[in-house]
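Structural features, examined
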Amino acid sequence: ADEVGLRYWLDFGSLLGAYRNGRIIPWDHDVDLGAMREDFLAKLSIMKDKLKQRGDLIYYQSACRFFIRRDGIPAAARGEIIRMEVVLHVPVNTSPENGPDGPLITRCEVLDTFRYTFPRRYIDRPEKLGFEGMPMWAPRPHEEFLIRYRFPRTYWFAMPFRISCYFESLHFFGLLLLAIACVVAVPVVLCCGAAQLLQCVKTRHLESRAHN
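Structural notes, computed from the coordinates. In this text the structure is predicted, and so the values were computed from the model without any measurement.

To continue, consider the overall build of the protein. If you tally the helices and strands in the protein, you get 8 helices and 10 strands. Taken over 212 residues, the protein has a buried fraction of 37%. Taking contacts inside the protein between residues at least 6 apart in sequence as the whole, the part at least 24 apart equals 54%. For the protein, the exposed surface amounts to about 12,700 Å²; the carbon and sulfur share of it is 60%.

So, on to the packing of helix H1 (residues 12–20) against helix H6 (residues 142–150). Across the interface, H1 lies against H6 with an axial gap of 11 Å and an inter-helix angle of 145°. In this structure, H1 crosses over H6, and the sense of that crossing is left-handed. Between H1 and H6, the residues in contact are Phe12, Leu15, Leu16 and Tyr19 and His142, Glu143, Phe145, Leu146 and Arg150, respectively. Along the lines of polarity and charge, the residues of the contact of H1 with H6 split into 6 nonpolar, 1 polar and 2 charged.

Applying the stated criterion across every chain, the model contains 7 salt bridges. We note a salt bridge from Arg120 to Asp124, for which the minimum N-O separation is 3.1 Å. Across the pair Glu144 and Arg148 runs a salt bridge, and its minimum N-O distance is 3.6 Å. Placement of both Glu144 and Arg148 in helix H6 is noted, with a separation of 4 residues, approximately one turn of the helix. Glu144 sits in the partly exposed class, given a relative accessible area of 29%. Within the structure, one salt-bridge network assembled from shared partners comprises Arg7, Arg120 and Asp124.

On to the packing of aromatic side chains. Under the counting rule described, the total for this entry stands at 8 aromatic pairs. An angle of 35° between the planes, with centres 6.2 Å apart, marks the rings of Phe145 and Tyr149 as tilted. Residue Phe145 and its partner Tyr149 are both found in helix H6; the two are separated by 4 residues, about one turn of the helix. Note on Phe145: relative accessible area 0%, which makes it buried. For the cation-ring pair, Arg107 lies above Tyr116, with the distance from its terminal atom to the ring centre recorded as 4.3 Å.

Turning our attention to H6. Every buried residue belonging to H6 is among His142, Phe145, Leu146, Tyr149 and Arg150, and all of these are buried. For H6, the arc enclosing every buried residue in end-on projection is 110°, short of the 170-degree limit, so these residues lie on one face.

Both strand E9 (residues 127–131) and strand E10 (residues 134–138) contribute to a ladder of 5 bridges, which runs antiparallel. Bridge pairing in E10 places Lys128 opposite Trp137. Hairpin connection, E9 to E10: the antiparallel pair is bridged by 2 residues, and Glu132 has positive phi, about 55°.

About the thresholds
Residues numbered from 1 in each chain as written. Predicted model: local features only at pLDDT ≥ 70, side-chain atom pairs only at ≥ 80, totals over all residues. Heavy atoms only, no water. Helix = DSSP H or I, 4+ residues; strand = E, 2+ residues; numbered from the N terminus. Buried < 20%, exposed > 50% of the residue type's maximum accessible area, 1.4 Å probe, protein only. Contact = heavy atoms within 4.5 Å. Areas by Shrake-Rupley, 256 points an atom, 1.4 Å probe, with all protein chains shown as cover. Axes fitted to C-alpha atoms, helices over the stretch in contact; angles between N-to-C directions. Left-handed = near helix turned anticlockwise from the far one by under 90°. Nonpolar A, V, L, I, M, F, W, Y, C, P; charged D, E, K, R; others polar. Salt bridge = Lys/Arg side-chain N within 4 Å of Asp/Glu carboxyl O. Phe/Tyr/Trp six-rings, centres within 6.5 Å; stacked < 30°, edge-to-face > 60°. Lys NZ or Arg CZ within 6 Å of the ring centre and 35° of its normal. Arc of directions from axis to C-beta. Pairing = 2+ DSSP bridges.

Put into structure tokens, the structure is as follows:
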């Protein structure tokens, strides 16, 4: 990426691992990168040639998500071969386009805008972090970006990355609360129903005794 002048940045669990420990999170299996879509696609053919010369492969899952299979970075604690995932971003085309922190960018295929939209200022002046012995670009300030836009609910807790990701999604969080409410509500309803049935039986028994 640096050879062809591509602006990229570490993101999500990879950024968290780089900032905290300078390495891949032990239970993670890939490297998360972000890049601007226009910049990435303009340099894609050159990157393909350079990666092919090194024996690496770049392929895409969609127009907004690419994968690079790397042979040089083992998954921490497992020694497995992992891949690099590059998620492409675009400017936000809403009105007003500029938020209180300046122009906004987001993933070009957005399922949950809560997690994926953030001010561009974080990547306009990136700073390199050590990651598995390599200097890689990262949004700055690192911790502020992680807390505000990546792990606002779980940053301060030592939760496994994949569980943490799910808890950050408003959609998943809402479904989780609904499931908990159902689990709590069912026993309550059953108990109330049982109590009501018992009261009815008791009332009928007392009426029967009164008639006798």
